[in-house]
Amino acid sequence: MALCIQEPESKVVSTHALFAANLLNQGAEGQIDPAEAPKPPVGTELPGRPLRPSLVPPMQVPHRSPFTPEGLAALLHAICHIELNAINLALDAVWRFPDMPESFYRDWLRVADEEASHFTLLHELLQTLGHQYGDFPAHDGLWEMCVKTQNDITARMALVPRTLEARGLDATPLIQSRLKKVNSPAALRAVAVLDVILRDEIGHVAIGNRWYGWLCARQGLEPVAHYRALARLHNAPRLRPPYNLEARRSAGFTPKELDELQNSEPHQSR
């Protein structure tokens with residue numbers, strides 16, 4: 001299964017193939033539900049990923065200025081790492097959580113497919129700077145939250161797409177602003193790539209919002225209050241301004257959620 005593949009480019013190819021096969025089979029009699037995909041063999045590492053990059057705590061990831069060629073490569077590598085993790089996150093949602101509507105699995109296969117395209121765009125740009133994925137250390141924060149929420153689909157939808165991935169909606173315009181100041185051909189190409197990623201990520205966060213709302217409604221939960229409880233329970237990272245409110249609105253955050261985001265600190269660890 002694609003989730004277990006270690007080599008990034010093979011994972012990308014397998015993810016695209018999985019999505020394409022699902023498109024071809026939609027509506028076909030006897031279609032296999034993606035949730036019934038075989039579980040990885042006992043002892044299989046999840047997710048499958050290469051030996052490099054070395055994974056270190058977030059505070060130990062070196063900060064480099066994008067105004068140097070090495071620093072720009074390190075920045076692109078960091079985003080590349082996020083996109084590879086995002087492939088795994090989407091694929092994990094497909095096979096881990098049974099008994100959801102078929103549209104849930106189609107949504108997350110599409111997300112995985114688009115994340116795979118993002119990885120390719122960034123990796124190709126990184127290679128033009130003389131580097132490969134794995135050349136710089138990275139951290140494992142995204143997958144750590146995936147593990148924390150592995151037994152609670154509502155927590156997964158709350159804290160991965162609509163928390164951790166939504167942070168990318170806030171961060172991307174700031175990164176693009178810095179890259180425009182660098183004003184090198186590679187930096188300006190990165191700005192264009194990030195335009196594509198931001199457009200798609202709004203849709204991915206919207207999928208997380210939609211399924212979180214659906215799950216809360218099914219369980220009779222008040223979404224904002226339950227989100228606060230989940231954020232505390234799982235020690236979700238504290239969100240900080242500035243917020244990309246336009247992108248968050250497009251991704252389906254309600255006025256109540258945006259007001260609370262701006263006026264309180266519900267995600268602060270206790």
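Residues numbered from 1 in each chain as written. Predicted model: local features only at pLDDT ≥ 70, side-chain atom pairs only at ≥ 80, totals over all residues. Heavy atoms only, no water.

J.: Which parts of the structure should I look at to understand the environment of R178?
T.: Tracing the chain through its elements places R178 in helix 5 (residues 153–182). The class of R178 is partly exposed, set by a relative accessible area of 46%. The spatial distance from the C-alpha of R178 to the C-alpha of P98 is 42 Å, given a sequence separation of 80 residues. Apart from residues lying up to four places away in sequence, R178 is in contact with P66 and F67. (Helix = DSSP H or I, 4+ residues; strand = E, 2+ residues; numbered from the N terminus. Buried < 20%, exposed > 50% of the residue type's maximum accessible area, 1.4 Å probe, protein only. Contact = heavy atoms within 4.5 Å.)

J.: I would appreciate a short explanation of the environment of K148 in the present structure.
T.: Locating K148 in the fold gives a position in helix 4 (residues 141–148). Along the chain, K148 and H81 lie 67 residues apart, while their C-alpha atoms are 20 Å from each other. Within the structure, K148 has its side chain in polar contact with the backbone oxygen of H234 (distance 3.0 Å). (Polar contact = N/O pair within 3.5 Å; in protein donor to acceptor, adjacent residues only side chain to side chain.)

J.: Would you explain the packing of aromatic side chains in this entry?
T.: By convention here, two paired aromatic rings are described through the distance between centres and the angle between planes. If you walk through the whole model with that rule in mind, you get 5 aromatic pairs. The interplanar angle of 80° and the centroid separation of 5.4 Å between the aromatic rings of F104 and W211 together place this pair among those described as edge-to-face. Pair noted here: F104 is in helix 3 (residues 102–128) and W211 is in helix 6 (residues 185–219), with a separation of 107 residues, a long-range link. Look at F104 and you get buried, because its relative accessible area is 0%. Taking relative accessible area as the criterion, W211 reaches 5% and is therefore assigned buried. Between the NZ or CZ atom of R162 and the centre of the ring of Y227, over which it lies, the distance is 5.3 Å. (Phe/Tyr/Trp six-rings, centres within 6.5 Å; stacked < 30°, edge-to-face > 60°. Lys NZ or Arg CZ within 6 Å of the ring centre and 35° of its normal.)

J.: Would you mind going over helix 9 (residues 255–263) with me for this structure?
T.: Three- or four-residue spacings in an α-helix give side chains the same orientation, since the helix completes a turn every 3.6 residues. Among the residues making up helix 9, those that are buried are E257, L258, E260 and L261. The buried residues of helix 9 all sit within an arc of 160° when viewed along its axis, so they share a single face. Set apart from the buried face of helix 9 by more than 90 degrees, the exposed residues are P255 and N263. Elements that come into contact with the buried residues of helix 9 comprise helix 5, helix 7 (223–233) and helix 8 (245–250). (Arc of directions from axis to C-beta.)

J.: Looking at this structure, how should I read the layout of surface pockets?
T.: Vacant regions in the atomic arrangement are exposed by a probe of water-molecule size rolled over the atoms. Roughly 1800 Å³ of internal volume is contained in the largest pocket. Surrounding the largest pocket, 50 residues form its lining, I82, H139, R167, A171 and I175 being those nearest its centre. Elements that contribute at least two residues to the lining of the largest pocket include exactly helix 2 (69–96), helix 4, helix 5 and helix 6. Among the residues making up the lining of the largest pocket, the classes are represented as 27 nonpolar, 10 polar and 13 charged. (1 Å grid on protein atoms, 1.4 Å probe; cavity = no way out; pocket = protein on both sides within 12 Å on 5 of 7 lines; lining within 4 Å. Points joined across faces, edges and corners; volume = space filled by probe spheres on them. Nonpolar A, V, L, I, M, F, W, Y, C, P; charged D, E, K, R; others polar.)

J.: Help me out: how do you make sense of unusual backbone geometry in this one?
T.: Across the chain, the bulk of peptide bonds are trans and the bulk of non-glycine residues have phi less than zero. The step from R52 to P53 runs through a cis peptide bond, and the omega angle for that step is 15°. Tracing the backbone shows P53 in the loop between helix 1 (8–25) and helix 2. Residues other than glycine seldom take positive phi values, yet D99 does so here, at roughly 65°. The class of D99 is exposed, set by a relative accessible area of 68%. The backbone of N183 sits at a positive phi, close to 60°, despite the residue not being glycine.

Keep in mind that these numbers describe shape and distance, not what the molecule does.
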